Amino acid sequence: MHNLALTLLLLPIFGALFAFVVGKINKKLAFWSAEIIGLALFAITLKLFLSYDGAIDIPMTWFTLGDFSIPFGIYIDELSLVMLLIATGLGFLDIHFAHDYMAEDPHQPRYYAKVLFFIGGMILLVSAKDMVALFSGWEFMGLASYLLISFWHEKKDPADAGVSAFLFTRFGDIFLFAAIGLLFYLTGTLDLVSLNTMASNGEIEKNMMYLIAVFIFIAAIGKSGQFPLFPWLMRAMEGPTTVSALIHGATMVNSGIYIVARLFDFYVASQALIVVAAFGAVSAFIGATSALVQRELKKVLAYSTMSHLSLAFIGLGAGSLAAGMTHLVNHAVFKALLFLGAGAIIMSAAHIKDMWKFGGFKAKMPLVAFFMGIGALSLSGIPPFSGFFSKDAVIVATLTNPQTDGLISTLTLIAGVLSIAYIGRLWFLTFAGESRDKVLYEKVKQPSLFWIALPLGIMAVATFVMGFFQENIAELVSGAVPHEEHIEGLLIGLLSTIALLGLLVYYYYVKRLDLTQKIAAQPLMQAIHKVLFNGYFVEFFIHYLAKEVVVGGFAKAIHWIDTNIIDASVNGVLTLSQKIRALLAKTDTGLASNNSGAMLLGVLLLLGILFIGGAM
Amino acid sequence: MISAFTILFAVALLSLLFHRSVLLKPLSLTAIALSFFFTLQGATVALMGFSSSEHIQLFELVLEVVLFALVLHEEEDITITQTLFLGASSVLLLQADNLLSFIISFESLSIISVVLVSYIKTKEQAEGAVKMFIAGSLATGILLLGLAFYVMGGGLLLEPLATGGSLFMDVGTFIMLAGLFYKLTIVPFHGWAADTYALVRHSHAAILSGVAKTVAALAIFTIFAPFLATHLELSVPLLATLAVVTMTLGNFLALFSKNIARILSYSSIAHAGYMLLAFVAVKSSYADEGILYMAIAYIFMQSGAFLALDSMKKHYGVSTLEELQGFSAQNPILAFFFTLQLFSLAGIPLLAGFLAKAVVFYAGVDAGLWWLVLIALLNSALSVGYYAWIVKTMYFDKLTAKEVFHAPVQFATGAQVILALGTLYFGVFAGSIFNIS
Amino acid sequence: MSAIIFIFAPFVLALLLALFFRGKSSVSKFVSLALFASMLSFSLDLFTKLPNSGYLDLGSFLAVPAFSFTLSLQVDMLSTIMLTLTSVMLILVAFASWSMKNQALYYSLLIFFSGAIFGVFMSTNFLWFFIFWELTLVPMYFLVGIWGAERRIYAAVKFFLYTHVASMLILLAFLLIYKEAGTFDMTLVKEGMLLSPVLIWWLLFVGFAVKMPIFPFHTWLPDAHVQAPAPISVLLAGVLLKMGAYAMIRMVILLLPETSQQYAWVILTLGLITLFYAGFMALYETHLKKMVAYSSISHMGLVAIAISTMSYAGLSAALYEMIGHAFVIAPLFLIAGFLHHKTGSWQMGDMGGIMQKAPYISAIFVLAGLGALGLPGTMGFVGELSILISAMHSYGIWLAVVALGSLFGAGYIIWTLRRVIYGEMSELVAKTNFKMNIFEFAALATFALFIILFGLFPNILFDFLNPAFAQFTSLGGAL
């Protein structure tokens, strides 16, 4: 088992190198080696999952620093395995899908190497035994995400998006890094399991625990695209859609939630869950409302991802590990489905992303429309698809927890219900109605059955089947069968609201599109639209803060101080010595009379001093 | 009795007959080599009022090596003769041990110095010579004034300088010191030096600032140290002030100068300040070694620098920094030697100048004057400013539109090699100074 | 072979090569490579001979008992590590300088430098240490002044004078030590012998702080770094600054532990200021090489913080970070210099899209950049993590601010990568040919390899670094 686990960890890294090197020989080889390695990773994970008998625990020391040993261990339990299944399973499907999606790209070796490296990072993250290994996986993924977002680095927007992604997530990571220091200082251990145990036993000081929990949560916010560190996630859509699907829809963005789940006992003991829930609620609302007005296909999905990750956070924040994590698992599958579906559309539609140019694509790609429809239903929370169960569980959790019942639960409800509106809008605008750009419509091709439709189909089936195994998933991720509380009437209310909203969207976006455009032209609507379209101007604000305050303010001020005070005082020595020299040069007249005078004066002074000295 | 003095003096007289003869240089060089040999054997001036010590003997050997280099470099017959005379009187001065013999040999050194610079060819040289002459006569007057006080207070001429006695004797001693400081170019007795060193021929300046000054410094220290050590309450503040003023003034005036000879003149004044530090720190047992080391290092590096400058002027017409630009491309060998001596003057390690400073400064620290040493150290750092600037001009600046011309390898290069080896040797082998006695 | 050969043979070799082989550049090139390689094997060999603790005596020369002035060569773990690092850096720098102009003189100055720096790390006599310390300035002065960029003269003179002034303080401290302890032998001096340890501490601290450099004594460095030719910038950052840190450890922390304990807060505070101050400077910079220079200063701030802990872990961390910094900053400097050499511009705004023209060089630049911002898998991360842990162990939770340092790193590095490596090709880049000499590329690739190798397997280094401070196991931290 140990060897299998170690293979799982090392294979992606060496695989990435291998794919790159053989890809240099022949581009196709890069894909095939990635495909095989992806499949092997999934197979290994499946084997580990099926023959699971207790956690795989491999403690290791990374290095010895003076008296301290810095650990780097592997720990794979059921929670890890579920995450591993998502990472390797979706990773494999994603690589498979990329065969067509990336077919024309000249840099395929680089692409597959980076994707495998990413999967390796994710595997490391979820198999980490301690904070150091976890942080390493965390950062590897961040790096891979950065490199893949700016995969088309020769263009301005992807390059900028990469910077944005790295810096936003890095801002959060710094707090995780600080948390490592704090934990090591306070507890002497970085082991995740022992940290949970120590926290539950009250062996760590409460205030410090709260601080550390908040620090870690800031990192989670950054990685999972929550308020206020979400703008990078929308920009990340500049990357290849396969990347968006895997990294920014299904796997990496989950890591923030995973880390909170992994340290759940710690969070419970630190009483910081309410912070998680609060930020989650705000993010859920922002994501859901902003998703309503986006023009670009992928941006709708990005905001939707943000909103749904928030729901998972809220589930955890409300105290229900099961609700949060099942939603995470369900979301990963249907969001990968939706993203890859979007990829299929974009690829077929000559890489246009603007939904207003689509319409009526149903006829061109019925299978994609069907599978995406399933994904959309699951996302909206329609039974019997998986999304329904977990979303319901999250909402119930917020309503039953007195701490979150109120503002948080209201925002959650709104965000949960609005899903149907934006995903319905997306589906209708793309697949239903009349084509709005005839030229484009004519160009749309039927995607390949094996490379494109098959992975979508597998995921569609998965999201359907998973709906029937919700309790098993919950048990796997939370370690116990959850005893769901049910609230009378909630289900009926929710479902009827969703249905009503769905009909409204159908009416406004398929039947009376002209009316919608008229409403949107109203000044008030335009103002609201502007706020929502720009993600509540959070990016503008942060950008302003970074550019004008940090760089243009502090850095510029320090630069001024350095030039005009510190370095100037060094260079001032030159000016000063020039002045002193000019002063002293007055003694140097070059006149013999002055020389003699000075000598005599010197003797006289000496005499004076001697007689005064002698007299005393 | 044959000694360095007698050989040098006799050959100096003899050399007058060999002017305009090719034999002059070999003869003089042989004489210096002989005197070196005799000094090594321990021969001294066997006269009353003269004695030697191991320190003095070592310095005499060094002096003779430097004289050898000076003569090797020199192309004017008359200067060669005068160099020999000057060498002879230096030996006298170094070995003088009572007041009268000291004053006699000191004055003879002064007289020969004046004769040396009175070989005037240009108006500038005349100006330099006259300034030195005026200051020199004044200094002699002051010296005699002091001597008069000293004798009036009951001091004896045929005895070593008294360390204590009447007030008049003390006053007289201090005034004599003031008169002697003229040769050491201590402020305010320095006015002449800046002009004279810069204006007279560079090979003369090498003798004046390199040889005469160091010999005087060492001799004055030998005679006056016991007196100063017993009058610390007066000598320390007084000489410390003079030392600080001298080195600071010298260094600042050297900064931003355009004329290379002038920079070296001011740097010579600044070095007088460092030497004076040994006088201040006289109560430390390291003051002896300090002044000796400083004298040895200084005689090599100052003569070397001025001789290099002389060659530069002779072959390339270089006298200002502007003309020196890119000189390393013109003559890399000469540029290298000049750089070496300048770095030694700046106190860069592995060269004699550094260890000399280290020992003198340590004497200061040992005497409890670390703040004074701090000032001296900062002064030394300041001096790097202009030395490094000369080096920068030679190496970093581009050669300005002159065609590259390689001067033939001459005796002058031999002189440079000797002086550079001296600077290097005493920069590494401090044992040759400390491990005697 | 006697150790002293590695100090004085380079001086003689340098002189011979500079005077008699001026025309034959390849001779000096291969002589220097052979010399540096033998220096490396000598240093590696020392590891096998070192005793478990304390010094290995390599002989005493030129004894002057009357002035305690004896060239005594002794090495311990700390100095052997520094010797090894220096030899490695010298070899790589020699490769990286392959297409330099006026090679005979260039390589002989490099050889001269190698002798001086070996003297610094081997001599245990304060005065001889100082001699070699000062002597390193001379070749550097010429290397910056002759081969430097536009403002090379300003930079060379400023560097020479600034560091020389600092050296004067060090010399005064050594003279005071001799007066009070009666010896220049640093293995014999104990803090208890000194009458004015505080004065000596301040003189030494300021003197070494200039070399490290620590705020506010850093302003010579950006100028020197920027104007120096790229391989010399590497030498400055990789060896010369390390000399300052080495001296700070050996002659401030280990020599004067009690006074250091009293003033550890000074080192800590200035280290923290340096970390952030240089970070802000780098953030604002649009000049590529200056940005790298400030990044280098910022990392030395981390080293200062680690040194100030005076603990077993902290000093090991400092040493690791010193090595990591050398390997990480070197490719950044080399590539910055290379880009300037090819494009003629220093401004990041003039570049962009270099990845499209020179993918492998760009990839190394990215890797080194990631090292500089402390990404796991690189030496930068291990260094930062070790320093974070050891600093917090000594000073408590508020030292978590050290983590913030790597945010600055991310800011300036990532933004630099965006402006230089990624994005659309600028006109300047489009018309430039980025062909690199194979030897220079080999040096770059080696640095890149080290960054990853020691970043993934830090224990390879820590097995050597920890024993250097084993005496601290019983001492505990500063506070």
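On to the overall build of chain C. When you go through chain C residue by residue, the secondary structure sums to 20 helices and two strands. Relative to the 2.2 N^0.38 estimate, which gives 23 Å for 479 residues, the radius of gyration of chain C is 21 Å and therefore close to what a compact globule would have. Expressed as lengths along the three principal axes of its C-alpha atoms, the size of chain C is roughly 65 × 60 × 40 Å. Out of the 479 residues belonging to chain C, those deemed buried represent 70%. Within chain C, residue pairs in contact and separated by at least 24 positions form 80% of the contacts whose partners lie at least 6 positions apart.

In terms of regular secondary structure, chain A is built from 26 helices and four strands. Relative to its 616 residues, chain A shows a buried fraction of 56%. Considering only contacts in chain A between residues 6 or more positions apart, those separated by 24 or more positions represent 80%.

Here we come to the nonpolar core. Judged by nonpolar contacts, the single largest core of 657 residues is most densely connected at Val280 and Ile296 of chain B. There are two domains that each give this core at least three residues, and those are domain 1 (272–522) and domain 2 (540–615) of chain A. For valine 280 of chain B, the residues in contact, after removing those within four places along its chain, are Val236, Leu239, Ala240, Ala243, Gly364, Leu369 and Leu372 of chain B.

Next up on the list: the environment of serine 362 of chain C. All names here are of chain C. Summarising the element assignment, serine 362 is placed in helix 15 (residues 359–372). Linking serine 362 and tyrosine 312, residues 50 residues apart in sequence, is a C-alpha distance of 38 Å. The contact partners of serine 362, leaving out residues within four places of it in the chain, are Ile354, Met355 and Ile421.

Once that is clear, we can look at the interface of chain A and chain C. In this assembly, 40 residues from chain A lie in contact with 47 residues from chain C. Listing elements by their share of the side of chain A that touches chain C, those giving two or more residues are strand 2 (61–65), strand 3 (68–71), helix 5 (131–149), helix 6 (156–187) and helix 25 (538–585) of chain A. With 14 residues, the single largest contributor to the side of chain A that touches chain C is helix 6 of chain A. Counted by class, the side of chain A that touches chain C contains 24 nonpolar, seven polar and nine charged residues.

Before going further, it helps to spend a moment on the interface of chain B and chain A. Contact residues are listed per partner, giving 26 residues for chain B and 22 residues for chain A. Where the side of chain B that touches chain A is concerned, the elements lending two or more residues are helix 6 (123–152), helix 7 (167–184), helix 8 (191–199) and helix 10 (232–254) of chain B. Residue contributions to the side of chain B that touches chain A peak at seven residues, all from helix 6 of chain B. Tallied by class, residues from the side of chain B that touches chain A come to 23 nonpolar, one polar and two charged.

Before going further, it helps to spend a moment on helix 2 (residues 24–40) of chain B. All names here are of chain B. Over its 17 residues, helix 2 extends 24 Å from the first C-alpha to the last, a length consistent with the 24 Å expected when each residue adds 1.5 Å. Every buried residue belonging to helix 2 is among Leu24, Ser28, Ala31, Ile32, Ser35, Phe36, Phe38 and Thr39, and all of these are buried. Taken end-on, helix 2 shows its buried residues confined to a sector of 170 degrees, consistent with a single buried face. In the core, the buried residues of helix 2 are packed alongside helix 1 (4–15), helix 3 (54–73) and helix 4 (77–95). A positive phi of about 95 degrees marks glycine 42, the residue just after helix 2.

Proline 228 of chain A follows phenylalanine 227 of chain A through a cis peptide bond whose omega is 0 degrees. Secondary-structure assignment places proline 228 of chain A in the loop between helix 8 (206–223) and helix 9 (231–235). A cis geometry characterises the amide bond from phenylalanine 215 of chain C onward to proline 216 of chain C, with omega recorded as 0 degrees. With respect to the secondary-structure elements, proline 216 of chain C resides in the loop between helix 8 (197–211) and helix 9 (220–227). Positive phi is not limited to glycine here, since glutamine 271 of chain A has a value of about 60 degrees. Looking at the secondary structure, you find glutamine 271 of chain A in the loop between helix 12 (264–270) and helix 13 (273–291). Although it is not a glycine, tyrosine 536 of chain A adopts a positive phi angle of roughly 60 degrees. Residue position: tyrosine 536 of chain A is located in the loop between helix 24 (523–533) and helix 25.

Let us look at helix 12 (residues 288–308) of chain C. Residues and elements named next belong to chain C. Over its 21 residues, helix 12 runs 31 Å from end to end, which matches the ideal 30 Å to within 8%, given 1.5 Å per residue. Among the 21 residues in helix 12, 20 count as buried, and that is most of the element. One or two steps after helix 12, the chain reaches methionine 310, where phi turns positive at roughly 55 degrees.

Bringing the confidence of the model for chain C into the picture now. Residue and element names in this part refer to chain C. Per-chain confidence: chain C averages 90 in pLDDT, with 98% of residues scoring 70 or above. The low-confidence segment residues 474–479, where pLDDT is below 50, has 15 contacts with residues more than four positions distant or belonging to other chains. Prediction confidence for the complex, expressed as pTM and ipTM, is 0.93 and 0.93 respectively.

In terms of domain boundaries, chain A breaks down into domain 1 (272–522) and domain 2 (540–615). A C-alpha centroid distance of 71 Å is found between domain 1 of chain A and domain 2 of chain A.

As a further point, take the packing of helix 25 of chain A against helix 11 (residues 257–284) of chain C. Interhelical geometry of helix 25 of chain A versus helix 11 of chain C gives an angle of 110 degrees and a closest axis separation of 8 Å. By the criterion of interaxial angle, the relationship of helix 25 of chain A to helix 11 of chain C is roughly perpendicular. Contact residues: helix 25 of chain A offers Val551, Phe554, Ala555, Lys556, Ile558, His559 and Asp562 of chain A, while helix 11 of chain C offers Tyr277, Phe280, Met281, Leu283 and Tyr284 of chain C. A breakdown of the residues in the contact of helix 25 of chain A with helix 11 of chain C according to their chemical character gives nine nonpolar, one polar and two charged.

Quick look at the pairing of strand 2 of chain A now. Residues and elements named next belong to chain A. Of the strand pairs in this sheet, strand 2 and strand 3 are connected by four bridges, and their pairing is antiparallel. Bridge pairing links phenylalanine 63 to isoleucine 70 in strand 3. Following strand 2, the chain reverses through two residues before pairing antiparallel with strand 3; glycine 66 in that reversal takes a positive phi of roughly 55 degrees.

The topology assignment puts isoleucine 397 of chain C in the loop between helix 16 (379–395) and helix 17 (405–420). As a C-alpha pair, isoleucine 397 of chain C and methionine 291 of chain C span 106 residues in sequence and 30 Å in three-dimensional space. Setting aside anything within four residues of it in sequence, one finds isoleucine 397 of chain C in contact with Leu182 and Tyr185 of chain A together with Met392 of chain C.

Let us now look at the packing of helix 12 (residues 286–316) of chain B against helix 16 (residues 352–366) of chain B. All names here are of chain B. Running from N to C, helix 12 and helix 16 point in directions that differ by 155 degrees, and their axes come no closer than 8 Å. In terms of orientation, helix 12 and helix 16 fall into the roughly antiparallel class. Crossing of helix 12 over helix 16 shows left-handed handedness. Across the interface between the two elements, Tyr286, Ala287, Glu289, Gly290, Tyr293, Met294, Ile296, Ala297, Tyr298, Phe300 and Met301 of helix 12 pack against Ala352, Gly353, Leu355, Ala356, Val359, Val360, Tyr362, Ala363 and Asp366 of helix 16. Looking at the contact of helix 12 with helix 16 residue by residue, the classes come out as 16 nonpolar, two polar and two charged.

Conventions and cut-offs
- Residues numbered from 1 in each chain as written.
- Chains lettered and ligands numbered in written order.
- Predicted model: local features only at pLDDT ≥ 70, side-chain atom pairs only at ≥ 80, totals over all residues.
- Helix = DSSP H or I, 4+ residues; strand = E, 2+ residues; numbered from the N terminus.
- Rg over C-alpha atoms; globule rule 2.2 N^0.38 Å.
- Buried ≥ 20, exposed ≤ 12 C-beta atoms within 10 Å, placed from the backbone.
- Contact = placed C-beta atoms within 7 Å.
- Core = buried A, V, L, I, M, F, W, Y, C linked by C-beta atoms within 7 Å.
- Domains from an automatic or database assignment.
- Nonpolar A, V, L, I, M, F, W, Y, C, P; charged D, E, K, R; others polar.
- Expected span 1.5 Å × (residues − 1).
- Arc of directions from axis to C-beta.
- pLDDT = per-residue confidence, 0-100.
- Axes fitted to C-alpha atoms, helices over the stretch in contact; angles between N-to-C directions.
- Parallel < 35°, antiparallel > 145°, perpendicular 65-115°, else oblique.
- Pairing = 2+ DSSP bridges.
- Left-handed = near helix turned anticlockwise from the far one by under 90°.

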